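Analysis of the macromolecular model
If you want the building blocks of each chain, they are given just below.
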Amino acid sequence: MTISISKGGLTAVSLATLLCIAVPLTPAAAQAQRDKVLATIAEATKAAGAKEVKWGAVSGGDTEFTVADYEATLQSGDKTSSVKAETVTYSNAAPSADGGYTAGLISAKEVEFESDDTTVSIDSLTITNYVGQSPEKIRAKTTSGERFDRLEATGLEITDENDKSVPIASVVVTTSDFVAGVPRKAGFEMKGLEVPIDKADPSMTDVAELGYDKLRLDATFTGSWDDKTGRVTIDQLTVTGAEMGALKVALVVGGFTPEVLDAMKKAENDQGKQMELMQGLTVEKLSLRWDDASLTKRVLASQAKKQGIPAEALAQQLSAMVPMVITAIGNKDFEKKISAAASAFLKSPKSLTVSATPAKPTPVAEIMGAAMMAPQSLPTVLGADVRAND
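Now for a quick tour of the structure. Counting restarts for each chain: residues are numbered from 1 in the order of the written sequence. pLDDT decides what is reported in this predicted model: residues at 70 or higher carry local features, side-chain atom pairs at 80 or more are listed and counted, and totals for whole chains, interfaces and linings draw on all residues regardless. Excluded from the side-chain calculation are hydrogens and water; included are all heavy atoms of the structure.

With respect to the overall build of the chain
Elements are defined by DSSP. Helices are runs of H or I of four residues or more, strands are runs of E of two residues or more, and each kind is numbered from the N terminus. In terms of helices and strands, the chain carries 12 helices and 18 strands. Projected onto the principal axes, the alpha-carbon positions of the chain cover approximately 80 × 50 × 35 Å. Out of the 390 residues in the chain, the part that is buried amounts to 40%. Taking the intrachain contacts of the chain between residues at least 6 apart in sequence as the baseline, contacts between residues at least 24 apart amount to 59%. In the form shown here, the chain has an accessible surface area of approximately 20,300 Å², with 56% of it arising from carbon and sulfur atoms. Only four residue types enter the charge count: Lys and Arg as positive, Asp and Glu as negative, with His and the chain ends excluded. Each charge is placed at NZ for Lys, CZ for Arg, CG for Asp and CD for Glu. Here the chain contributes 40 positively and 51 negatively charged side chains, and the mean placements of these two sets differ by 6 Å. The cut-offs for exposure are 20% and 50% of the maximum accessible area for each residue type, with area from a 1.4 Å probe on protein chains only; residues under the lower value are buried, those over the upper are exposed, and the others partly exposed. Whether two residues are in contact is decided by their heavy atoms: any pair within 4.5 Å suffices. Values of accessible area rely on a 1.4 Å probe in the Shrake-Rupley scheme; residue burial ignores everything except the protein chains shown.

Set out below in structure tokens:
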């Protein structure tokens, strides 16, 4: 399945448009249930912005059928994009009472989104337990009813207007524990994103000097939201670079109740109001960890070479500079932690962790107040810690 989109086009086209890759009209001989599903898909695609739709044969039975050679032109403002698919198969498809449709599995092959400046191709795209919106909801820009349990795309390639391509082996998105159409648990996994390093490109000179001919990145995210307490938990957000290292983030924030989220949405053009709402949130936990896999040593070696000194000597110089740089913090105990951790990490780069674990959930307003009025107290307020090589 191949999908092409204009710059910013993916945000302008609802998920329904991308998933509803099917014929807008059905043969007279089509079975009744399939007929209704295809009619809904056609209207939903048009409601999401399709201006022109072309298709080939539709084959299969009443609840499982395949659409071949689909192509649609989408319009979003002054941007035009196209969507193509070699085949799309719907399994356990049925119309829903609210005017939408459901499908146990949607499987698309050779998909392409294309625009003037970007092309995204996908070898295979599958969506499980999809619930599609009615055309009326799409026109009204109501998205709370649309959902799926799992979306998996494999064999992706993104090509820009200069014919530079970035392949991605796979992307998986999972959602579960829905309340009023909103997932309370979500996950994301990306594997095998490869960025080639062009040594002739001035913007890539620094990376090339580190000895990389390409960057291979993976990413993982798992999180949850408790709509009753407003607690948002990011169990892990990890970005890993081959022969570089892994950056890991964990976070627990309270106060994101449905009422607060609704108020923030209404105040999307009022930064003052948004800041006011943010101050009511609470910080319960924050952790940032770097596990090194040669990036730090490469950076030290590269910079030391430019200065004409050994990498070990540069590490010692940096360790000696840290205490002077951080004196502005004004908290001697915390400064000692930073200096000790930095010295240990620079001497033997393995891991570096910065964490904040307040004794109790701490309002953002209190944190901001401490930062402005008594910055030296901030490490104590946050229960901050810095560790190396643990």
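Having put the structure on the table, let's press on.
A few points about the environment of Thr118
By secondary structure assignment, the location of Thr118 is in strand β8 (residues 118-132). When the C-alpha positions of Thr118 and Ser81 are compared, they lie 9.5 Å apart, and in sequence the two are 37 residues distant. Between N or O atoms, a polar contact is any pair within 3.5 Å; within protein, one atom must be a potential hydrogen donor and the other a potential acceptor, and residues adjacent in sequence are included only when both atoms are from side chains. In this structure the side chain of Thr118 is engaged in a polar contact, spanning 3.3 Å, whose partner is the side chain of Asp117.

Comments concerning the pattern of salt bridges
For this analysis, a salt bridge means a side-chain nitrogen from Lys or Arg found within 4 Å of a carboxyl oxygen belonging to Asp or Glu. With the rule as written, the count across this model stands at 21 salt bridges. Where Glu43 meets Arg139, a salt bridge forms, and the shortest distance between an N and an O atom there is 3.7 Å. One end of the pair, Glu43, is in helix α3 (residues 32-47); the other, Arg139, is in helix α4 (residues 135-139), and 96 residues separate them in sequence. Arg139 sits in the partly exposed class, given a relative accessible area of 47%. Residue Asp149 pairs with Arg147 through a salt bridge whose shortest N-O separation is 3.9 Å. Here the salt bridges do not stand alone but share partners, grouping Lys248, Arg289, Asp291, Lys337, Asp385, Arg387 and Asp390 into one network.

Comments concerning the packing of aromatic side chains
Each Phe, Tyr or Trp ring, with Trp reduced to its six-membered ring, pairs with another whose centre is within 6.5 Å; inter-plane angles below 30 degrees give stacked pairs, above 60 give edge-to-face pairs, and intermediate values give tilted ones. Taken as a whole, this structure holds 3 aromatic pairs when the rule is applied. Ring centres 6.4 Å apart and planes at 70 degrees place the aromatic pair Tyr90 and Tyr101 in the edge-to-face group. One end of the pair, Tyr90, is in strand β5 (residues 79-91); the other, Tyr101, is in strand β7 (residues 101-114), with 11 residues separating them in the sequence. Accessibility expressed as a relative area gives 0% for Tyr90, which makes it buried. In this scheme, the term charge over a ring applies when either NZ of a lysine or CZ of an arginine sits within 6 Å of the ring centre and within 35 degrees of the ring normal. Over the aromatic face of Phe178 sits the side chain of Arg147, whose NZ or CZ is 3.8 Å from the ring centroid. If you follow Arg298 out to its NZ or CZ, it ends over the ring of Tyr212, 4.2 Å from the centre.

Focus on the packing of helix α8 (residues 295-307) against helix α9 (residues 311-325)
Remark: α8 packs on α9, axes separated minimally by 8 Å, with the N-to-C direction vectors making an angle of 100 degrees. Classified by the angle their axes make, α8 and α9 are roughly perpendicular. Touching Leu300, Ala301, Gln303, Ala304 and Gln307 of α8 are Ala311, Leu314, Ala315, Gln317 and Leu318, all from α9. Residue polarity follows a fixed list, in which Ala, Val, Leu, Ile, Met, Phe, Trp, Tyr, Cys and Pro are nonpolar, Asp, Glu, Lys and Arg are charged, and the others, Gly among them, are polar. When the residues that make up the contact of α8 with α9 are grouped by side-chain class, the tally is 7 nonpolar, 3 polar and no charged. Between N-to-C directions, angles cover 0 to 180 degrees, with each direction set by a line fitted to C-alpha atoms, over the stretch in contact for helices. Should an angle fall under 35 degrees it is called roughly parallel, over 145 degrees roughly antiparallel, and 65 to 115 degrees roughly perpendicular, with every other angle called oblique.

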